[in-house]
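These are the residues of each chain, in order.
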Amino acid sequence: MSKVAIIGLGHVGSTTAYTLVSRDLVDELVLFDKHEKIVTAQYKDLKDGQVGLNSHVEIIRPDLSELKDTDIIIFSAGKIAVQQGSGNRFDELNYTKKVAEEWGPKIKESGFNGILINITNPCDVIARHLQELSGLPKNHVFGTGTSLDTARMKQAVSDKLGVHANSVHGYVFGEHGMTQFVPWTKVRIGNTLMSETLDQKEQDDLENQAKQNGVDIFFGKGFTCYGIANQAALIVQTVLSDSKKVMPVSCFNKKEGIYIGEPALIGADGVEDILPLDLTSHEQEKWDASVASIKEMYAAI
Ligand SMILES: NC(=O)c1ccc[n+]([C@@H]2O[C@H](COP(=O)([O-])OP(=O)(O)OC[C@H]3O[C@@H](n4cnc5c(N)ncnc54)[C@H](O)[C@@H]3O)[C@@H](O)[C@H]2O)c1
């Protein structure tokens, strides 16, 4: 039996819930939100959304005692409207730090001892805050980090070169935010390194295009949901199946003392290993800038 709880049932939480249900990835799904009306609406809609499917996911109403034997919590509580004017993820911190401060102790008291996956922005900072507040082991708490940014980078390369995004191998590193970067010396299609195929301008254009696609989605509809829900569902599947996939999540980097996006081995024990960064000196400078940015944001808590 697999049991997942989602805290925060807005655009992201509800789309993630439906992705888990429609892909039949879990047996039980517990729903939490600040607003009872939203919980009831999502509870009923998710039940309707499975009629006719051959699978069945038990949808469960909010009850903290349910967390004791829950395998994974997805944290997606926030207030996207705060970002409406700017699109800057940092702007949500004042709101989301309080939500983390409400839920961290509740999660601790519930006896939850599974894996906590944070989506809420600013993702790297809230992941760290939740780990500290919940008292869970560091490898059992991580953020979706640059997994969505990596998907957008792969899609941008795919659109330019006419190769399926799944055949683009590589990751976006760093903050899920302004200072994220693509180490192009590691991105490849087959055995061809993109740093040897694309000139500097093409690399920069693709990196900007990937970011712009995120901006277009956000300002076009006021939120983003399918891309992040897909990544969250892939991570859930990886943890539940203990499949040891390497994914660019926001995990605890011992050297820097912060949570930051980098390729990590994900399994039933959460972040089971972190891969060497292996960056060029130019990429290292970008990494250092991203580390500094996350530290600065965390200092604002
Ligand atoms: N990491 C990523 O790649 C990524 C991508 C997209 C969105 N996000 C972030 O995910 C979060 C959710 O985005 P959204 O578009 O669903 O926002 P939203 O405003 O639509 O939904 C947030 C939900 O959280 C609930 N909530 C607020 N405070 C709560 C509390 N104290 N306890 C329980 N529930 C609470 C709200 O009632 C609402 O239903 C935001 O922080 C957003 O920035 C992250």
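The coordinates are above.
Below, the structure is looked at part by part.

The rules behind each value
- Residues numbered from 1 in each chain as written.
- Predicted model: local features only at pLDDT ≥ 70, side-chain atom pairs only at ≥ 80, totals over all residues.
- Heavy atoms only, no water.
- Buried < 20%, exposed > 50% of the residue type's maximum accessible area, 1.4 Å probe, protein only.
- Helix = DSSP H or I, 4+ residues; strand = E, 2+ residues; numbered from the N terminus.
- Pairing = 2+ DSSP bridges.
- Right-handed = clockwise from strand over helix to strand, strands pointing away.
- Expected span 1.5 Å × (residues − 1).

## Considerations on the pairing of strand β5 (residues 115–118)
Next, step 1: Along β5, one buried face is formed by I115 and I117 and the opposite face, lined by L116 and N118, is buried too.
Next, step 2: Both strand β4 (residues 72–75) and β5 contribute to a ladder of 4 bridges, which runs parallel. Residue I72 lies in a different strand from β5, and its bridge partner there is I115.
Next, step 3: For the crossover from β4 across helix α3 (residues 93–110) to β5, the handedness is right-handed.
Next, step 4: In the sheet, β5 pairs with strand β6 (residues 141–143) via 3 bridges, with the strands oriented parallel.

## Observations regarding the pairing of strand β1 (residues 3–7)
Next, step 1: Within β1, 5 of the 5 residues are buried, which leaves the element mostly enclosed by the surrounding structure.
Next, step 2: Burial of the side chains of β1 extends over both faces: K3, A5 and I7 are buried on one face and V4 and I6 on the other.
Next, step 3: Two elements, β1 and strand β2 (residues 28–32), share 5 bridges in a ladder whose sense is parallel. Each residue of the ladder has a partner; that of I7, found in β2, is F32.
Next, step 4: With respect to chirality, the unit in which β1 leads through helix α1 (residues 11–22) into the neighbouring parallel β2 is right-handed.
Next, step 5: Bridge count between β1 and β4: 4 bridges; the pairing is parallel. Paired with V4 across the two strands is I72, which belongs to β4.

## Some details on α1
Next, step 1: For α1, spanning 12 residues, the distance from its first C-alpha to its last is 16 Å, which sits close to the expected 16 Å at 1.5 Å a residue.
Next, step 2: Burial runs high along α1: 9 of the 12 residues are buried.
Next, step 3: Where α1 is concerned, the buried positions are V12, G13, S14, T15, T16, A17, T19, L20 and V21.
Next, step 4: Of the residues flanking the end of α1, it is D24, one or two places downstream, whose phi is positive at about 55 degrees.

By themselves, these are just geometric observations and shouldn't be taken as functional.
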